[in-house]
Amino acid sequence: MGLFSVLDTAKKVKFKKLKEDGCLVSISVEIPAAHVEDETQNFLVRIQQRARVPGFRPGKAPLDLVKKQFIGHAREEALDHLIRKHVPEALRELRIRPVVAPAVEDVSFEEGKPLRLQVRAETAPAVSPKDYLKIKVQRKAYPATEEALQARLEELREANARLERAEEEAVAVQHYAVIDYEGLQDGKPMANVKGRSELVDLSSDQILEGLAAGLLGLKRGQTKQIPVKLGGKDVTLSATLREIKRKVLPALDAEFAKDLGFGALDELKAKLKEVIESEGRGKTEKEVSQQIEEALLKSNQIPLPPSLAEAQLEHRMEQLRRQLMGPKGQWPAGQLEDLKAKLRPQAENELRLSYILPAIAEKEKLQVLDDEVQAELDKNLAAAESEEKKADIRKFFSDRKEAVVGMISERKTLAFIKEKAVYTEVKA
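Residues numbered from 1 in each chain as written. Predicted model: local features only at pLDDT ≥ 70, side-chain atom pairs only at ≥ 80, totals over all residues. Heavy atoms only, no water.

Concerning the side chain of Asn 300
Structurally, Asn 300 is set in the loop between helix 7 (265-299) and helix 8 (306-325). Note on Asn 300: relative accessible area 4%, which makes it buried. A polar contact of 3.0 Å, which involves the side chain of Asn 300, links it to the backbone nitrogen of Lys 130. Among all residues touching Asn 300, those that are not within four sequence positions of it are Ser 128, Pro 129, Lys 130 and Ile 356. (Helix = DSSP H or I, 4+ residues; strand = E, 2+ residues; numbered from the N terminus. Buried < 20%, exposed > 50% of the residue type's maximum accessible area, 1.4 Å probe, protein only. Polar contact = N/O pair within 3.5 Å; in protein donor to acceptor, adjacent residues only side chain to side chain. Contact = heavy atoms within 4.5 Å.)

Here is the structure:
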């Protein structure tokens, strides 16, 4: 190694912050050429120990011959090693804490020259929370009024209705028609478009456009060719009316209450009133929370790490997919991007709140105590239906204690903000 190489080795690796834009930080890393040469030589020696070169036993080939054949591989190994060594070092020295693995975006790697890298890192937003005290909130009450009680009773009657044979000879809009049908296209029967004893509610919209209107006035035993729309195509439905039924609601009396497990009608009404009041309180609290969250988001418009924002969106998409389509369902072609566009604001606001609320908790010194964690565990265990479920809960609290603490802290912080809010009482 010559004099200049020795001097180059003494040089330090250079780190520099190039640009900071919201949660994105770009830095440069410059590694002296001598460092690169040393690492390349180290990997050449390691390759020599396992290289298989014709005419030589494994590990016994001359180093200059190994260099001719494997210098490219050695430089790739050296590059990878230097990146893994010095990028974390650069982040530490520049006091940058990435929330996801940083990305090496630009590499200048020429023999005999310093290795130069540009690295992009995503960081958590710096949050200095403001305007979270004395948030103005409208608190709307939803009492169990007589009107609400009667509406709930009618819902129960509808849910316990029965069908019985109608006295009328011809089917009308208030009836249910029982039909046999067969689909015809160009006069020929259609495969898989047929059914027996199908129930059709004449008072509601139908999947087959034109069916309900076509059945009106038909008498028992009569058959009619009804033009309908099926999948956007004109189809003829040959329908035979087998029976006409009408819906009968149960009387609102003691017998009805007993059928639902209550001793008397007053007991049923009292229970429904409790349910309505409980639902009303829940609705009120949900609306209060929404108003507070909207106020926090409006006053604290912080940037987001792009990768975490995208991950939060994917999480929301997955939740919705499972909820609507089950574990194996897939979004229809062409809907995915539209759904993403609709869900993105919600997902980003959820992520913003996950930064804003901890910042408020830290500023107000709202800590989660061990007793609070234990109380949360006890509550979940009490609700568990089996020992297996209890074991899963204990494991979750043990393995994900930080997540549990975060959940309790968020709840505690929201309760603190609600307590400090300024309320205007509003009647529903």
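Details of the layout of surface pockets
Estimated volume of the largest pocket: approximately 680 Å³. Lining the largest pocket are 18 residues, and of these Ser 354, Tyr 355, Pro 358, Gly 406 and Glu 410 sit closest to its centre. For the lining of the largest pocket, the secondary structure elements donating two or more residues are helix 9 (336-363) and helix 12 (401-420). Per element, the largest residue contribution to the lining of the largest pocket is seven residues, and it comes from helix 9. Forming the walls of the second largest pocket are 15 residues, and the residues nearest its centre are Glu 293, Gln 346, Asn 349, Glu 350 and Leu 353. Per element, the largest residue contribution to the lining of the second largest pocket is seven residues, and it comes from helix 9. Looking at the lining of the second largest pocket residue by residue, the class counts come to four nonpolar, six polar and five charged. (1 Å grid on protein atoms, 1.4 Å probe; cavity = no way out; pocket = protein on both sides within 12 Å on 5 of 7 lines; lining within 4 Å. Points joined across faces, edges and corners; volume = space filled by probe spheres on them. Nonpolar A, V, L, I, M, F, W, Y, C, P; charged D, E, K, R; others polar.)

Details of the nonpolar core
Ranked by size, the top nonpolar core spans 24 residues in total, and within it Ile 135, Val 137, Ile 292, Leu 296, Tyr 355, Ile 360 and Ile 417 carry the most contacts. For this core, the secondary structure elements donating two or more residues are helix 7, helix 9 and helix 12. Each residue touching Ile 417, except ones within four places of it in the same chain, is listed here: Tyr 132, Ile 135, Ile 292, Leu 296, Leu 357 and Ile 360. Formed by 20 residues, the second largest nonpolar core is a distinct cluster that contains Ala 166, Leu 208, Leu 218 and Val 228. (Core = buried A, V, L, I, M, F, W, Y, C linked by side-chain atoms within 4.5 Å.)

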